[in-house]
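Architecture and fold: a report
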Amino acid sequence: MHVSFVVPLFNCLPITRAMVASLQATIPAGLGFEIILIDDGSTDGTRDWLATLGAPFRVLLNERNRGYAATNNRAAAAAAGEILVFLNNDLVLTPRWLEPMLAVHRRLGSRAGLIGNVQRDARSGLLDHAGIFINYKGKPEHLRRRCADLLRFVSPLRRTAALTGACFLTSRTLWNELGGFDEGYFNGCEDIDLCLRAAAAGRINAVALRSRVMHHISMAPGRKVRDEANTHRFTAVWRERLVELALPDWCRHHFETFLPEPRDFPDPALARQIFLYLLGLRRPPRAAVPGVRAAIDIEIARWENMFGKWEASAGPVLPR
């Protein structure tokens, strides 16, 4: 097996150097690999440092700042590995972080989609990511419940709708089938969109629960500037799929909202169905779908007031 590590860079040189050192220190013995460092227009001395590197590094330089999707796509196109491992430059990689991810990918075989891992905030040590779920408003949200992290003692993996692009791997074959990241997004939602396209192609996205890294969260300059525009586009493209994925959290939120005064439940029959779902006795009730759609429509109306109506006529980019 040959692995290509893909690391996009934009400023933050001290953190980049520490991350690269942690990567070199934790690559399993005997693994065939290359490390592709691609700079997206840094101005802080990163390019001078890159000029000093030799093997096993391959260095690519963007002529201008092109953003996360385009930068990763360019590096992946140049990669030689059967497995592509995408890493943010603000990670701290810990011993044996890679082996559990590769093991989960092998375990899922031809069904494997994107494989992520458990991430903790490098500053606080708190759990930041054990997968991504769609909340009751139809928005992606990191799973930060401690119980999700503790599942590693029971199982090596947890299936998930989506996972963060900060640290994940996939096969080159699937990457090519999906066409890489959608460059219509700019520094936001590219990873979740890719996960949903993988799932639409019949693949399983999963978190390797026994792989753990530290993450300096959102260190890249300008990382959050286009969050609203990206999420607006993402929701327009995936609205009906988001309705399905948001059902579990909408049911929990609806029940918790009215639980202090049960007589206020708008639909007692639906409340009973949700209660049975929360006890694990049934699937999320289809009767909740109108409520989920209404919550998502509120967000869409807010974005349309903010940006004007965006037509998603082309729909999601599905495998070729």
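To start, this report covers the structure provided alongside it. (Residues numbered from 1 in each chain as written. Predicted model: local features only at pLDDT ≥ 70, side-chain atom pairs only at ≥ 80, totals over all residues. Heavy atoms only, no water.)

Right, let's get into the overall build of the protein. Scanning the protein from terminus to terminus reveals 10 helices and 12 strands. In terms of overall size, the protein behaves like a compact globule, its C-alpha atoms giving a radius of gyration of 21 Å where 320 residues would be expected to give roughly 20 Å. For the protein, the spread of C-alpha atoms along the three principal axes comes to 70 × 45 × 40 Å. A separation threshold of at least 6 residues defines the contact pool for the protein, and within that pool the share at least 24 residues apart is 75%. Here the protein displays about 14,500 Å² of accessible surface, and carbon together with sulfur accounts for 55% of that area. Charge centroids of the protein, computed over 41 positive and 32 negative side chains, lie 6 Å from each other. (Helix = DSSP H or I, 4+ residues; strand = E, 2+ residues; numbered from the N terminus. Rg over C-alpha atoms; globule rule 2.2 N^0.38 Å. Contact = heavy atoms within 4.5 Å. Areas by Shrake-Rupley, 256 points an atom, 1.4 Å probe, with all protein chains shown as cover. Lys, Arg positive; Asp, Glu negative; His and termini not counted. Charge placed at Lys NZ, Arg CZ, Asp CG, Glu CD.)

Our focus in this paragraph is the packing of helix α7 (residues 190-200) against helix α8 (residues 227-258). The axes of two packed helices give the description: the angle between them and the distance between them. Across the interface, α7 lies against α8 with an axial gap of 12 Å and an inter-helix angle of 55 degrees. With respect to α8, the element α7 is oriented oblique. Note that α7 runs across α8; the crossing there is left-handed. Seen from α7, the contacting residues are Ile 192, Asp 193, Leu 196 and Arg 197; seen from α8, they are Phe 234, Trp 238, Leu 242 and Leu 245. In the contact of α7 with α8, the residues fall into 6 nonpolar, no polar and 2 charged. (Axes fitted to C-alpha atoms, helices over the stretch in contact; angles between N-to-C directions. Parallel < 35°, antiparallel > 145°, perpendicular 65-115°, else oblique. Left-handed = near helix turned anticlockwise from the far one by under 90°. Nonpolar A, V, L, I, M, F, W, Y, C, P; charged D, E, K, R; others polar.)

It is worth spelling out the packing of aromatic side chains at this point. Applying the stated rule across the entire model yields 11 aromatic pairs. Measuring from ring centre to ring centre gives 6.1 Å for Phe 86 and Phe 181, while their planes differ by 70 degrees; the resulting arrangement is edge-to-face. With a gap of 95 residues between them, Phe 86 in strand β4 (residues 83-87) and Phe 181 in the loop between α6 (172-178) and α7 connect regions that are remote in the sequence. The exposure class of Phe 86 is buried, given its relative accessible area of 0%. Taking relative accessible area as the criterion, Phe 181 reaches 3% and is therefore assigned buried. Members of the aromatic cluster, joined through ring pairs, are Tyr 68, Phe 86, Phe 168, Trp 175 and Phe 181. Its guanidinium or amino end placed over the ring of Phe 186, Arg 226 lies 4.2 Å from that ring's centre, counting from NZ or CZ. (Phe/Tyr/Trp six-rings, centres within 6.5 Å; stacked < 30°, edge-to-face > 60°. Buried < 20%, exposed > 50% of the residue type's maximum accessible area, 1.4 Å probe, protein only. Lys NZ or Arg CZ within 6 Å of the ring centre and 35° of its normal.)

Don't take any of this as a statement about function, it's just geometry.
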